[in-house]
Amino acid sequence: NAGVTQTPKFRILKIGQSMTLQCTQDMNHNYMYWYRQDPGMGLKLIYYSVGAGITDKGEVPNGYNVSRSTTEDFPLRLELAAPSQTSVYFCASSYSRDRDRGEKLFFGSGTQLSVL
Amino acid sequence: GNSVTQMEGPVTLSEEAFLTINCTYTATGYPSLFWYVQYPGEGLQLLLKATKADDKGSNKGFEATYRKETTSFHLEKGSVQVSDSAVYFCALSGMIIQGAQKLVFGQGTRLTINP
């Protein structure tokens, strides 16, 4: 039971470098999300997707880009890394529009990113 | 806007102690409320939920009651175990866009249970 898989688990970047955080899910979920968690803070939504080819901004999208070419994959791209992007990043997916089933999010185990 | 506030952590208890983790919220409308748990090295997973006022969510010995009059959703367990050591997140359902759930999370409370 793979669920939601994120890679890498840890990464250190230098200021100005770029990288892609990978996220894949094997549950055929339409909805996928990227959150970031800063120390002592709640998770904040970066981007979300309602299906292949459709993405939209969340609360804190600046400095990030996403794509959704397949149902399974939802990579998050950092183009010019900045120290403010030091955080733990979580990818999540959910099942459907149905309120009862859709509200349960399935999370990956996170990527801890440091920008120095 | 919607927001969730959890009690400050970390919380350290002895095995078999009673647990309460406080959560209060601010929201318009009638959101659903959730507790998610993150065990070491794993992703967040849904622990329990409540969808309307006075509902009680329960799972694995944990309980929380949706209190609209006090805008609270406190997590309780009568007798904690070492295996309950984790980070606990309170959350509410925010705006739904095209079916996508925009959950609003609290900052998380780290719980450590000592044998």
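In this report, the structure presented in the accompanying data block is examined. (Residues numbered from 1 in each chain as written. Chains lettered and ligands numbered in written order. Predicted model: local features only at pLDDT ≥ 70, side-chain atom pairs only at ≥ 80, totals over all residues. Heavy atoms only, no water.)

### Side note on the overall build of chain A
Definition in use: Each helix corresponds to a stretch of at least 4 residues labelled H or I by DSSP, and each strand to a stretch of at least 2 residues labelled E; elements are numbered beginning at the N terminus. Note on method: radius of gyration uses C-alpha positions; expected globular size equals 2.2 Å times residues raised to 0.38. To sort residues, take the accessible area from a 1.4 Å probe on protein chains only and compare it with the maximum for the residue type: under 20% means buried, over 50% means exposed, and anything in between is partly exposed. For this analysis, residues touch if any pair of their heavy atoms sits within 4.5 Å. Charge convention: Lys and Arg are scored as positive, Asp and Glu as negative, and His as well as the terminal groups of each chain are ignored. The location of each charge is read from NZ of Lys, CZ of Arg, CG of Asp or CD of Glu.
Each helix and strand counted, chain A has 1 helix and 11 strands in total. Overall, chain A shows an N-to-C arrangement of helices and strands of β-β-β-β-β-β-β-β-β-α-β-β. Rg of the C-alpha trace for chain A: 14 Å, near the compact-globule value of 13 Å for 116 residues, within the 12% margin. Dimensions of chain A, computed from C-alpha atoms along their principal axes, come out at roughly 40 × 30 × 30 Å. Across the 116 residues that make up chain A, the buried fraction comes to 46%. Taking as baseline every contact in chain A between residues at least 6 positions apart, the subset at least 24 positions apart corresponds to 55%. Taken together, the 12 basic and 10 acidic charged side chains of chain A have centroids lying 6 Å from each other.

### What about the layout of surface pockets?
What counts is decided by this rule: Using protein atoms alone on a 1 Å grid, points that fit a 1.4 Å probe yet trap it form a cavity, whereas open point sets bounded by protein on both sides within 12 Å along at least five of seven lines form a pocket; residues with an atom within 4 Å of a point count as lining. Grid points are joined across faces, edges and corners, and a volume is the space filled by probe spheres set on the points. When residues are grouped by polarity, Ala, Val, Leu, Ile, Met, Phe, Trp, Tyr, Cys and Pro land in nonpolar, Asp, Glu, Lys and Arg in charged, and all others, Gly among them, in polar.
In this structure, the largest pocket spans a volume of roughly 780 Å³. Lining the largest pocket we find 35 residues, and of these A:Gln37, A:Val88, B:Gln38, B:Val87 and B:Arg110 sit closest to its centre. In the lining of the largest pocket, the residues fall into 13 nonpolar, 17 polar and 5 charged. In this structure, the second largest pocket spans a volume of roughly 370 Å³. The wall of the second largest pocket is formed by 20 residues, among which A:Glu59, B:Asn2, B:Leu103, B:Val104 and B:Phe105 lie closest to the centre. Only strand E5 (43–51) of chain A together with strand E1 (3–6), strand E10 (86–97) and strand E11 (100–105) of chain B provide two or more residues apiece to the lining of the second largest pocket. Element by element, the count of residues in the lining of the second largest pocket is highest for E11(B), at 4 residues.

### What about the state of the cysteines?
For the record, the criterion: Only a pair of cysteine sulfur atoms within 2.5 Å counts as a disulfide in this structure description.
Tallied over the entire structure, the rule returns 2 disulfides over all chains. The partner cysteine of A:Cys23 in its disulfide is A:Cys91, sulfur to sulfur 1.8 Å. Looking along the S-S bond of the A:Cys23-A:Cys91 disulfide, the torsion reads about -70 degrees, which is the left-handed sense. Of the two residues, A:Cys23 sits in strand E3 (residues 19–25) while A:Cys91 sits in strand E9 (residues 87–94), which places them 68 residues apart along the sequence. Of the two residues, A:Cys23 and A:Cys91, both sit in the buried class. Between the sulfur atoms of B:Cys23 and its disulfide partner B:Cys90 the distance amounts to 2.0 Å. Here the disulfide of B:Cys23 and B:Cys90 is left-handed, its torsion about the S-S bond being about -70 degrees. One end of the pair, B:Cys23, is in strand E4 (residues 23–26); the other, B:Cys90, is in strand E10, with 67 residues separating them in the sequence. The class for B:Cys90 is buried, based on a relative accessible area of 1%.

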